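Structural features, examined
If you want the building blocks of each chain, they are given just below.
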Amino acid sequence: MKIGILSDSHLKSDYTKEVIDFLKEINCEYLVHAGDLCIEKNLELLEESGLKYVAVFGNNDRNLLQMSSKYNIKQEPYYFKIKETTFKLMHLPYHLAPDSEVVIFGHTHIFESDYKNNTLYLNPGEVCAREKPLIECLQLEINENEYIISRYFKNINENLFKKEEIIYEK
């Protein structure tokens with residue numbers, strides 16, 4: 001199972017489209033957005049991807065609150081399951097308790113990956129390239145005995161994503 005994870009698109013719908021298209025190219029079956037979509041266009045891009053997706057409201061998404069019935073965007077923390085794996089999704093890293101197998105958050109614009117006490121914690125970094133000139137996203141591959149985290153990033157002036165990989169044994 002391969003899941004594309006992104007966060008902090010802000011007003012950069014062109015970067016968001018580029019990331020979603022890339023995650024589809026590398027065979028992600030699901031998309032998870034950890035908030036700060038900021039504009040409806042970013043929600044439309046998730047919807048138009050044709051993939052199953054879920055997103056949470058970020059601290060900059062107040063103007064999107066009335067769209068929760070139109071798009072699959074939830075209040076944080078949002079708990080869900082994909083196949084047999086339990087997830088907790090949030091924007092603000094305030095609920096980092098190990099009450100799910102995978103905890104996904106955003107807000108800091110900094111990539112994080114940690115596996116402790118049988119819980120995987122992930123922050124994909126930022127799509128918007130606001131804090132640094134990088135467009136970032138993750139692919140999480142869940143196998144029976146391991147998590148494979150592929151961090152993809154590219155400079156805003158480059159064409160190709162670079163890849164770093166981290167593997168945790170379950």
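Keep in mind that what you see is a predicted model, and the values were worked out from it rather than measured.

Right, let's talk about the sheet that holds strand β8 (residues 111-116) for a bit. On the basis of which strands lie adjacent, the open sheet formed by five strands has the order β5-β6-β7-β9-β8 and mixed pairing. The sheet is open, and its two edges are formed by β5 (78-82) and β8, each paired on a single side. Neighbour to neighbour, the strand axes of the sheet diverge by 20° on average, direction disregarded. Both strand β7 (residues 102-104) and strand β9 (residues 119-124) contribute to a ladder of three bridges, which runs parallel. Across the sheet, the residue bridging to V102 is L120, located in β9.

Another point: the pattern of salt bridges. Taken as a whole, this structure holds twelve salt bridges when the rule is applied. The shortest N-O distance in the salt bridge between K116 and D114 comes to 3.5 Å. We classify D114 as partly exposed; its relative accessible area is 34%. R151 is the salt-bridge partner of E136, the closest N and O atoms lying 2.6 Å from each other. With a gap of 15 residues between them, E136 in strand β10 (residues 134-142) and R151 in strand β11 (residues 146-155) connect regions that are remote in the sequence. Neither E136 nor R151 differs from the other in exposure class; each is buried.

Turning our attention to helix α1 (residues 13-25). Between its first and last C-alpha, α1 extends 18 Å over 13 residues, near the 18 Å set by a 1.5 Å rise per residue. When we look at burial in α1, the residues that qualify are Y15, T16, V19, I20, F22 and L23. The buried residues of α1 occupy an angular sector of 160° when the element is viewed end-on, so they sit on one face. Summarising the geometry of α1, the exposed residues directed more than 90 degrees from the buried face are D14 and E25.

Two quantities define a packed helix pair, namely the angle between the helix axes and the distance between the axes. Closest axis-to-axis distance for the α1/helix α2 (residues 40-48) pair is 9 Å, and the angle between their directions is 15°. Classed by the angle they form, the pair α1 and α2 counts as roughly parallel. The way α1 lies across α2 gives a crossing that is right-handed. Seen from α1, the contacting residues are S13, T16, K17 and I20; seen from α2, they are K41, N42, L45 and L46. The class makeup of the residues in the contact of α1 with α2 is three nonpolar, three polar and two charged.

Across the sheet, which stays open at both edges, the seven strands sit in the order β4-β3-β2-β1-β10-β11-β12 with mixed pairing between neighbours. The sheet is open, and its two borders are formed by β4 (73-74) and β12 (162-169), each paired with just one other strand. Bridge count between strand β2 (residues 30-33) and strand β3 (residues 52-56): four bridges; the pairing is parallel. Directly across from Y30, in β3, lies its bridge partner K52. Across the sheet, α2 is in contact with β2, β3 and β4; its angle to β3 comes to roughly 155°.

Of all the five residues making up β3, four are buried; the element is thus mostly covered by neighbouring parts of the structure. Taken together, β2, α2 and β3 constitute a β-α-β crossover, and its handedness is right-handed. The pairing of β3 with β4 spans two bridges and is parallel. Each residue of the ladder has a partner; that of A55, found in β4, is I73.

About the cut-offs
Every chain begins its residue count from 1, and numbering advances along the sequence as written. In view of the model being predicted, local features appear only for residues whose pLDDT reaches at least 70, and side-chain atom pairs are presented and counted only at 80 or more, with totals across whole chains, interfaces and linings using the full set of residues. To get the side-chain values, take all heavy atoms of the structure and skip hydrogens and water. Any two strands with at least two DSSP bridges between them are considered paired. Think of it this way: any DSSP run of H or I at least four residues long counts as a helix, any run of E at least two long counts as a strand, and we number them from the N terminus. Fitted lines through C-alpha atoms give the axes, limited to the stretch in contact for helices. The angle between two N-to-C directions lies from 0 to 180 degrees. Any carboxyl oxygen of Asp or Glu within 4 Å of a side-chain nitrogen of Lys or Arg constitutes a salt bridge here. Burial here depends on accessible area, computed with a 1.4 Å probe over protein chains only, as a share of the maximum for the residue type. Under 20% is buried, over 50% is exposed, and the range in between is partly exposed. Helix span, expected: 1.5 Å multiplied by one less than the number of residues in the helix. Directions from the helix axis toward the C-beta atoms define the arc. Working rule for angles: under 35 degrees goes down as roughly parallel, over 145 as roughly antiparallel, 65 to 115 as roughly perpendicular, anything else as oblique. Left-handed describes a crossing whose near helix is turned anticlockwise from the far helix by less than a right angle; the clockwise case is right-handed. Between two residues, a contact is recorded if the distance between any of their heavy atoms is within 4.5 Å. Amino acids are sorted into nonpolar (Ala, Val, Leu, Ile, Met, Phe, Trp, Tyr, Cys and Pro), charged (Asp, Glu, Lys and Arg) and polar (every other residue, Gly among them). Handedness of a crossover is defined as follows: orient the strands so they point away from the viewer, and if the path from the first strand over the helix to the second runs clockwise, the crossover is right-handed.

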